[in-house]
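Coordinate analysis (summary)
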Amino acid sequence: MSSKVDARGLSCPQPVLMVMDQMKKISRGKIEILVDTDTSKENVSRAAESKGWQVTDVDPEGEGCRIKITKD
Amino acid sequence: MKNFFAQRWGIIVVGAAIGILAPILQKFGNPGNMGICVACFERDISGALGLHRAAVVQYMRPEIIGFVLGGLVAAYLFKEFRPRVGSAPIVRFVLGAFAMIGALVFLGCPWRAMLRLAGGDGNAILGLLGLISGIWVGTLFLKKGYNLGRSEKTYSSVGWLLPLIMLGFLALMLIYPQIQGEAKNGVLFYSLKGPGSMHAPLIISLAVGLIVGFLAQRSRFCTMGAFRDLILFRQMHLLSGVIALVVLAFLTNLMLGQFHAGFTNQPVAHNMHIWNFAGMVLAGLAFALAGGCPGRQLFLAGEGDGDAAIFVLGMIVGAGFAHNFGLASSPKGVGPHGIAAVIVGLAVCLFIGFSMKKKI
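Residues numbered from 1 in each chain as written. Chains lettered and ligands numbered in written order. Predicted model: local features only at pLDDT ≥ 70, side-chain atom pairs only at ≥ 80, totals over all residues. Heavy atoms only, no water.

To continue, consider the state of the cysteines. Each disulfide consists of one covalent bond between the sulfur atoms belonging to two cysteines. Taken as a whole and assessed by the stated rule, the structure comprises 1 disulfide over all chains. One disulfide in the model links Cys37(B) with Cys40(B); its S-S distance is 2.3 Å. Measuring handedness by torsion sign, the sulfur bridge of Cys37(B) and Cys40(B) sits at about 65° and is right-handed. With no disulfide of its own, Cys12(A) lies closest to Cys222(B) among cysteine sulfurs, the gap being 6.7 Å. Its relative accessible area of 17% is what places Cys12(A) among the buried residues. Cys37(B) provides the cysteine sulfur closest to Cys109(B), a residue in no disulfide bond, and the two sulfurs are 3.9 Å apart. (Disulfide = S-S within 2.5 Å. Buried < 20%, exposed > 50% of the residue type's maximum accessible area, 1.4 Å probe, protein only.)

This is the structure in structure tokens:
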């Protein structure tokens, strides 16, 4: 299962809350997350890894970046 | 390149550095257990500007100026300056004002609560319990979908406004320096006695402020986020920095002879336990709803967050109300209207928490 989370313009803890909700909802698969600050990038990556998800890609996009996380 | 300061050891190093630097500032002249206090120092700035006229708390604290400018420098060096604004600014102003009022009932922000604990002030335990309780209430709102909406990208100059205001404050300090025995020079007020008269030399305060601002921007150090993330996500990351701060501040205080355990006769503190607790419930809830402790708001403002800048201005104006209306405590106990202010503040925060939910 694959899904997207747009957390641009949101400050902590919203991006992490949104990704946590999504991880709970699909329990495994792929999630693409858009963030626009380095803080959100770090927080989202840390939260994903703490729940056993893998951060597979972090690509710059516009002012921020697109993070891809997966869990088999 | 990975950001070392955002890793486990990075945040611990930053917390430890703050824990060492704060008691050293006290050694150099800052008030007792107040090497660094964001709320107290913004209150002193409010007094220096004449927004309140409490004679004992008037000083343009260079640490605050350094926090913002250090954050700005770090953000520019590491390409993280992101001018943004528009996430419910008026709400952030009000939260800033009530966070200040709550902190001044306790007599300290979360930073000082840690430093008071590390200096042996048992009353800090009540404040910290209140802080954690307020943050816990905030997490309940966050779980229910509370948020202040998205910010928008904006002009670089918008992000520069608070740093420029801080540069302006620094310029005023240089144009109108403190004159021995004078309560005023030009437009700036100075304290002749009390906490406002106690301060490290300008250059040391500013240097420490810049170092802390730089490190804290890199590490995202946040005393409110520490407890919020623990309650909300069971994450220890930010908390490990705060623990390092308390441990190192305790050890530094021991070495400098600044550790005095007890509940009575503590510097700039009172021992009305219920109101130490309740004041910090209000502050903790307001910080949680605004997404950052008062220090973090300064660092965010330095990296271009205009909403955090509004929160800072809310705190400075809130300090004006706190002293003009008799809401702030003193070592004698709570102010004549402090209790009413805590109740009103909690009602306002609950109104904000319950009413500001939207799908994002």
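Moving on, we come to unusual backbone geometry. A cis amide bond links Cys12(A) with the next residue in sequence, Pro13(A), at an omega value of 10°. Within the element layout of this structure, Pro13(A) appears in the loop between β1 (2-6) and α1 (14-26). (Helix = DSSP H or I, 4+ residues; strand = E, 2+ residues; numbered from the N terminus.)

All names here are of chain B. Relative orientation of the contacting elements helix α2 (residues 38-48) and helix α4 (residues 89-106) amounts to 105°, with a least axis distance of 10 Å. Put simply, α2 runs roughly perpendicular to α4. Between α2 and α4, the residues in contact are Ala 39, Glu 42 and Arg 43 and Met 100, Ala 103 and Leu 104, respectively. (Axes fitted to C-alpha atoms, helices over the stretch in contact; angles between N-to-C directions. Parallel < 35°, antiparallel > 145°, perpendicular 65-115°, else oblique. Contact = heavy atoms within 4.5 Å.)

Applying the stated rule across the entire model yields 15 salt bridges over all chains. In this structure, the salt-bridge partner of Asp44(B) is Arg43(B), at a minimum N-O distance of 2.9 Å. Pair check on accessibility: Asp44(B) and Arg43(B) agree, each one buried. Classification of Asp44(B) by relative accessible area gives buried; the value is 0%. Salt bridges linked by common partners bring Glu42(A), Glu80(B), Arg218(B) and Arg220(B) together as one network. (Salt bridge = Lys/Arg side-chain N within 4 Å of Asp/Glu carboxyl O.)

This part covers the nonpolar core. Ranked by size, the top nonpolar core spans 123 residues in total, and within it Ile33(A), Ile69(A), Ile36(B), Leu95(B), Trp111(B), Val212(B) and Phe221(B) carry the most contacts. If sequence neighbours within four positions are ignored, Phe221(B) has contacts with Ile11(B), Val14(B), Gly15(B), Ile18(B), Trp111(B), Ala216(B), Leu238(B), Gly241(B), Val242(B), Leu245(B), Arg296(B) and Phe299(B). (Core = buried A, V, L, I, M, F, W, Y, C linked by side-chain atoms within 4.5 Å.)

Attention now goes to the confidence of the model for chain A. Detailed reading of predicted coordinates is not advised where the pLDDT is low. Per-chain confidence: chain A averages 93 in pLDDT, with 99% of residues scoring 70 or above. Here β1(A) is the element of chain A with the lowest mean pLDDT, 90, and strand β2 (residues 29-35) of chain A is the one with the highest, 96. (pLDDT = per-residue confidence, 0-100.)

All right, on to a positive patch on the surface then. The grouping of Lys24(A), Lys51(A), Lys143(B) and Arg234(B) at the surface amounts to a positive patch. Structurally, the position occupied by Lys24(A) is in helix α1. Overall, Lys24(A) belongs to the exposed group, its relative accessible area being 70%. (Patch = residues over 30% accessible without salt bridge, like charges linked within 9 Å, V, L, I, M, F, W, Y side chains within 5 Å. Areas by Shrake-Rupley, 256 points an atom, 1.4 Å probe, with all protein chains shown as cover. Lys, Arg positive; Asp, Glu negative; His and termini not counted. Charge placed at Lys NZ, Arg CZ, Asp CG, Glu CD.)

What follows is about the side chain of His199(B). Residue and element names in this part refer to chain B. Structurally, His 199 can be placed in the loop between β4 (188-189) and α8 (202-219). Only 2.8 Å separates the side chain of His 199 from the side chain of Gln 178, close enough to count as a polar contact. Ignoring anything within four residues of it in the chain, the contact list for His 199 reads Phe 28, Gly 29, Asn 30, Tyr 59, Arg 61 and Gln 178. (Polar contact = N/O pair within 3.5 Å; in protein donor to acceptor, adjacent residues only side chain to side chain.)

Moving on to α8(B). Side chains that are three or four residues apart share a direction in an α-helix, a result of its 3.6 residues per turn. Residues and elements named next belong to chain B. Compared with an ideal rise of 1.5 Å per residue, which puts 18 residues at 26 Å, α8 spans 25 Å between its outermost C-alpha atoms and is within 8% of the ideal. Regarding α8, the residues found buried are Ser 205, Leu 206, Val 208, Gly 209, Val 212, Gly 213, Leu 215, Ala 216, Gln 217, Arg 218 and Ser 219. Those residues of α8 that are buried lie in contact with α1 (8-27), α3 (62-77), α5 (110-118), α7 (156-175) and α12 (294-302). Phi turns positive one or two residues past the end of α8, at Arg 220, with a value near 65°. (Expected span 1.5 Å × (residues − 1).)

All names here are of chain A. Relative to the elements of secondary structure, Ser 3 occurs in strand β1. A polar contact is formed between the side chain of Ser 3 and the side chain of Gln 22, at a distance of 3.0 Å. Those residues within four positions of Ser 3 in sequence are excluded, and the remaining contacts are Gln 22, Ile 26, Lys 30, Ile 31 and Glu 32.

All names here are of chain A. In spatial order, the strands read β1-β2-β4-β3; together these 4 strands make up an open sheet with mixed pairing. This sheet does not close on itself; its edge strands, each paired only once, are β1 and β3 (54-61). Each neighbouring strand pair of the sheet contributes to a mean axis angle of 15°, computed without reference to strand direction. As paired elements, β1 and β2 share 5 bridges and run parallel to each other. By the bridge assignment, Asp 6 is partnered in β2 with Leu 34. Against the sheet, α1 engages β1, β2 and β4 (64-71), with an angle of about 165° to β1. Seen against the sheet, helix α2 (residues 38-50) touches β2, β3 and β4 and runs at an angle of roughly 0° to β4. (Pairing = 2+ DSSP bridges.)

Contact residues are listed per partner, giving 22 residues for chain B and 22 residues for chain A. Interface area for chain B against chain A, summed over the two sides, is near 1900 Å², with a carbon-plus-sulfur share of 51%. Of all residues in chain B, Arg82(B), Arg150(B) and Phe233(B) give up the largest surface area on contact with chain A, accounting jointly for 30% of the area buried on that side. Taken together, the links from chain B to chain A amount to 3 salt bridges. The salt bridge partner of Arg220(B) is Glu42(A), with a shortest N-O separation of 2.8 Å. Here chain B and chain A share 11 residue pairs in polar contact (both at pLDDT 80 or more) between them. Looking at which element gives the most residues to the side of chain B that touches chain A, the answer is helix α9 (residues 223-233) of chain B, with 3 residues. Of the residues assigned to the side of chain B that touches chain A, the class counts are 6 nonpolar, 7 polar and 9 charged. (Buried area = accessible area lost by both parts, 1.4 Å probe. Nonpolar A, V, L, I, M, F, W, Y, C, P; charged D, E, K, R; others polar.)

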